[in-house]
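Structural overview
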Amino acid sequence: MIHHYSIAVKDPKHVATVLNEIFQGHVTKFTPREHSYMVWMDDAYGSAIELYPLKTEMLAGEEDKPAKFVSNKSASGYTATHAAISVNLDKESIFTLGKSLGWRTKELPRGHFNVIEFWLENRVMIELLTPEMAADYLKAFAKE
């Protein structure tokens, strides 16, 4: 079970607002990192996405200290990290939102199921699965 994951984006507050429209949960500030937010999906698992300012990196803490955040000015702002997330929206709603933002939004096959590549700020991809796509995903991979 994945409860949350984090990504760095150019405008964390704006991306949090957009993701909240998709996930229909709520947004809070993420206080350990300035200008950071969490989008809560308001599900039974506490699922969330943390959004940090672009070029944020997380380093292991020393001794008994927690992880620390630093800004790496030379970071590209792109990442291979992504997630496939089931949503309650239909394809039309997702495509309408993506188009209104000018963000790449494409339905593409992934073998036994399709996903909608939704590119946050045209930098970071999340794969959105409508209820129908999620059913196909679970049919392909879920253990009985």
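Here's what I pulled together on the structure shown here. On a predicted model such as this, the values are computed, not experimentally measured, just so you know.

Rules of the game
Residues numbered from 1 in each chain as written. Predicted model: local features only at pLDDT ≥ 70, side-chain atom pairs only at ≥ 80, totals over all residues. Heavy atoms only, no water. Helix = DSSP H or I, 4+ residues; strand = E, 2+ residues; numbered from the N terminus. Rg over C-alpha atoms; globule rule 2.2 N^0.38 Å. Buried < 20%, exposed > 50% of the residue type's maximum accessible area, 1.4 Å probe, protein only. Contact = heavy atoms within 4.5 Å. Areas by Shrake-Rupley, 256 points an atom, 1.4 Å probe, with all protein chains shown as cover. Lys, Arg positive; Asp, Glu negative; His and termini not counted. Charge placed at Lys NZ, Arg CZ, Asp CG, Glu CD. 1 Å grid on protein atoms, 1.4 Å probe; cavity = no way out; pocket = protein on both sides within 12 Å on 5 of 7 lines; lining within 4 Å. Points joined across faces, edges and corners; volume = space filled by probe spheres on them. Nonpolar A, V, L, I, M, F, W, Y, C, P; charged D, E, K, R; others polar.

1. Observations concerning the overall build of the chain
Helix and strand content of the chain: 3 helices and 10 strands. A compact globule built from 144 residues should have a C-alpha radius of gyration of about 15 Å, and the chain, at 16 Å, falls within 12% of that. Its C-alpha atoms put the chain at 45 × 40 × 25 Å along the principal axes. Counting only residues that meet the buried cut, the chain has 37% of its 144 residues in that class. Look at the contacts in the chain between residues 6 or more apart in sequence, and 46% of them connect residues 24 or more apart. Working note: accessible area of the chain is about 9000 Å², and carbon and sulfur atoms make up 52% of it. Of the charged side chains in the chain, 16 are positive and 19 negative; the average position of the first set lies 7 Å away from that of the second.

2. Focus: the layout of surface pockets
Space inside the largest pocket adds up to approximately 810 Å³. Going through the elements one at a time, β1 (4-9), α1 (12-23), β4 (48-53), β7 (84-86) and α3 (131-141) are the ones with two or more residues in the lining of the largest pocket. Here the element with the most residues in the lining of the largest pocket is α3; it accounts for 4 residues. Taken together, the residues of the lining of the largest pocket sort by class into 18 nonpolar, 8 polar and 1 charged. As for the second largest pocket, its lining consists of 15 residues, of which Ile7, Ala8, Thr56, Glu57 and Thr79 are closest to the centre. Within the residue set of the lining of the second largest pocket, elements represented by two or more residues are β1 and β5 (56-59).

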